[in-house]
Amino acid sequence: MSWAVGMLRASQRVGAVRANCLCPGMVLSARQPAGVARRGAWPIAPACKMATVKCELMKNFPSEEPVRCSKISIVGTGSVGMACAVSILLKGLSDELALVDVDGGRLKGETMDLQHGSPFVRMPNIISSEDYLVTADSNLVIITAGARQEKGETRLNLVQRNLAIFKLMISSIVQYSPRCKLIVVSNPVDILTYVAWKLSEFPPNRIIGSGCNLDTARFRFLIGQRLGIHSESCHGWILGEHGDSSVPVWSGVNIAGVPLKDLNVDIGTDKDPEQWKNVHKDVVASAYEIIKMKGYTSWAIGLSVADLTESIVKNLRRVHPVSTRIKGLYGINEEVFLSVPCILGGSGITDLIKVKLAPEEEAHLQKSAKTLWEIQKELKF
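Bear in mind the structure is a predicted one, so any value in this text is a computation, not a measurement.

What counts as what
Residues numbered from 1 in each chain as written. Predicted model: local features only at pLDDT ≥ 70, side-chain atom pairs only at ≥ 80, totals over all residues. Heavy atoms only, no water. Helix = DSSP H or I, 4+ residues; strand = E, 2+ residues; numbered from the N terminus. Buried < 20%, exposed > 50% of the residue type's maximum accessible area, 1.4 Å probe, protein only. Contact = heavy atoms within 4.5 Å. Areas by Shrake-Rupley, 256 points an atom, 1.4 Å probe, with all protein chains shown as cover. Phe/Tyr/Trp six-rings, centres within 6.5 Å; stacked < 30°, edge-to-face > 60°. Pairing = 2+ DSSP bridges. 1 Å grid on protein atoms, 1.4 Å probe; cavity = no way out; pocket = protein on both sides within 12 Å on 5 of 7 lines; lining within 4 Å. Points joined across faces, edges and corners; volume = space filled by probe spheres on them. Salt bridge = Lys/Arg side-chain N within 4 Å of Asp/Glu carboxyl O. Polar contact = N/O pair within 3.5 Å; in protein donor to acceptor, adjacent residues only side chain to side chain. Core = buried A, V, L, I, M, F, W, Y, C linked by side-chain atoms within 4.5 Å. pLDDT = per-residue confidence, 0-100. Expected span 1.5 Å × (residues − 1).

Undergrad: For this particular structure, what's the right way to read the overall build of the protein?
TA: In terms of helices and strands, the protein carries eleven helices and 15 strands. The buried share among the 381 residues of the protein stands at 48%. Long-range pairs, those at least 24 residues apart, make up 69% of the contacts in the protein between residues at least 6 apart in sequence. Accessible surface for the protein amounts to roughly 18,800 Å². Of this, 55% is attributable to carbon and sulfur atoms.

Undergrad: Help me out: how do you make sense of the packing of aromatic side chains in this one?
TA: Counted by the stated rule, this structure contains six aromatic pairs. Ring geometry for Tyr194 and Trp197: centres 6.2 Å apart, planes at 50°, overall tilted. On the criterion of helical spacing, the pair formed by Tyr194 and Trp197 is a turn pair, its members being three residues apart in helix 6 (residues 189–200). Of the residues examined, Tyr194 reaches a relative accessible area of 6% and is grouped as buried.

Undergrad: I tried to follow the sheet that holds strand 12 (residues 258–259) on my own but got confused; where do I start?
TA: What holds strands together in a sheet is hydrogen bonding between their backbones, with the strands either parallel or antiparallel. The antiparallel open sheet is built from three strands, whose spatial order is 8-11-12. The open sheet has two edge strands, strand 8 (234–235) and strand 12, and neither has a second partner. Pairing between strand 8 and strand 11 (residues 254–255): two bridges, direction antiparallel. Bridge pairing in strand 11 links Cys234 to Ile255.

Undergrad: How should the layout of surface pockets be read in this particular structure?
TA: In this approach the atoms are scanned with a rolling probe the size of a water molecule, which exposes any empty space left behind. Taken as a whole, the second largest pocket holds about 560 Å³ of empty space. Along its surface, the second largest pocket is lined by 19 residues, and Asn213, Ala217, Arg220, Glu232 and Asp307 are the ones closest to its centre. Elements represented by at least two residues in the lining of the second largest pocket include exactly helix 7 (213–227), strand 8, helix 10 (299–313) and strand 13 (318–325). The leading source of residues in the lining of the second largest pocket is helix 7, at six residues.

Undergrad: Help me understand the pattern of salt bridges in this model?
TA: By the definition in use, this model includes ten salt bridges. Arg318 is paired through a salt bridge with Glu310; the nearest N and O atoms lie 3.5 Å apart. Between Arg317 and Asp351 there is a salt bridge, with the nearest N and O atoms lying 3.1 Å from each other. Taken together, the positions of Arg317 in the loop between helix 10 and strand 13 and Asp351 in strand 15 (residues 348–352) put the pair 34 residues apart, joining distant regions of the chain. A relative accessible area of 44% places Arg317 in the partly exposed class. Connected through salt bridges with shared partners, the residues Lys91, Asp307, Glu310, Lys314 and Arg318 form a single ionic network.

Undergrad: Please clarify how the side chain of Ser339 should be interpreted in this entry.
TA: Relative to the helices and strands, Ser339 resides in strand 14 (residues 337–345). By relative accessible area, Ser339 is classed as buried at 0%. There is a polar contact of 2.9 Å between the side chain of Ser339 and the backbone nitrogen of Cys212. Beyond its immediate chain neighbours, meaning those up to four positions away, Ser339 contacts Asp190, Gly211, Cys212, Leu239, Gly240, Pro321, Val322 and Ser323.

Undergrad: Got a minute to help me understand the nonpolar core in this structure?
TA: If you look at soluble globular proteins, the nonpolar side chains tend to sit buried side by side. If you look at the biggest cluster of nonpolar residues, it comprises 76 residues, and the most contacted ones within it are Leu99, Ile142, Phe166, Leu182 and Leu365. Take this core: its biggest share by element is eight residues, from helix 5 (residues 155–176). If near-sequence neighbours (up to four positions away) are discounted, Ile142 is found in contact with Ile72, Ser73, Ile74, Val75, Ile88, Ile183, Val185, Val305 and Thr309. Ranked by size, the runner-up nonpolar core spans 13 residues in total, among them Cys212, Phe219, Cys234 and Ile267.

Undergrad: Explain the confidence of the model for the protein to me, please; I cannot follow it from the model alone.
TA: In low-pLDDT regions, the fine details of the predicted coordinates are not to be read closely. Confidence in the prediction for the protein averages 87 pLDDT; 85% of positions are at 70 or higher. Note on residues 37–41: pLDDT is under 50 here. Beyond four places in sequence and across chains, it has 21 contacts.

Undergrad: Please clarify how the environment of Thr193 should be interpreted in this entry.
TA: Assignment of secondary structure puts Thr193 in helix 6. Thr193 sits in the buried class, given a relative accessible area of 0%. In sequence terms Thr193 and Arg325 are 132 residues apart; their C-alpha atoms lie 9.1 Å from each other. Of the polar contacts made by the side chain of Thr193, one reaches the backbone oxygen of Val189; its length is 2.5 Å.

Undergrad: Honestly, helix 10 in this entry has me stumped. Any pointers?
TA: Every α-helix winds through 3.6 residues per turn, so residues three or four apart in the chain are directed the same way. Its 15 residues place the ends of helix 10 21 Å apart at the C-alpha level, agreeing with the 21 Å of an ideal helix rising 1.5 Å per residue. Every buried residue belonging to helix 10 is among Ile301, Gly302, Ser304, Val305, Ala306, Leu308, Thr309, Glu310, Ser311 and Ile312, and all of these are buried. Downstream of helix 10 by a residue or two, Asn315 has a phi angle that is positive, lying close to 50°.

Right, here's the structure in full:
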């Protein structure tokens, strides 16, 4: 079932929730729809009225509604959504994880598979449903669902199909979690981050596109491979569009504070005898190569999203290149979302770092903005 058809059918349901996945013994509130778990880290056992192993083992205390610190919801349980889920669980970033998908069978299978691994990690309560009520009161919602590009389909048509899907998703997310932060992962991520901002009417600081966080990681990794240095010690940024028109900021690439441009003034240009520009070409091509070999990308983007999630839920105020509203900066007058270095904290994007770019880098960023705007201006909301 396509996401578009599935979401339209889901929007027509009233009241009853369909297939669901709950831990055995999970308690439902009398006023709660079936299929949506009672909030809290663990199911609450009813008072014993007959002798059972459970009653002999435990003494029951009067129950109170548990206090939840951090709830994260993931929309879409495909390869990317589940890589995000596993990465977030392994980092221990949430005390409740909610999964939503229109494919009830897949949703149930993925949830059970995760739940059965609970003895091996400090796993929080995992709940799932086809109904967005399961996401209620989320601190953070991660969107990985969307239509895939079909053979011969134009990018504009793909975006327009995703717009229809996002209308249904975003309205449900806003209804149940009006104060949440949103991380958009679905591609084309920069345009769909703009779409999520328009549809949700959230302030820009609460709308975050995964953007070039992964591109930058790939950039640093490949630089490290050339130099024989761990990627954590390689400092450089990819900005702009998450895609073919992304901008490598060679003027800022450094190792231990030593700018590589001071050692090779032509680095990243056509004049460079070492052809460092091929590093950026490999960054752009890497996703296509992985898809060609294994059919999709998942693990790196999942780890990237968990990295962003950690900065938000722990209020770390770390700097990440994520997609945000950039109008008014770098000579860009279009209403577009592009990746620039942003400080992420408990309220989402708290600050935007105004990086000084070389003239040619700023020109490339402006070109990236125009590329996106040519598609965005044709969207029909």
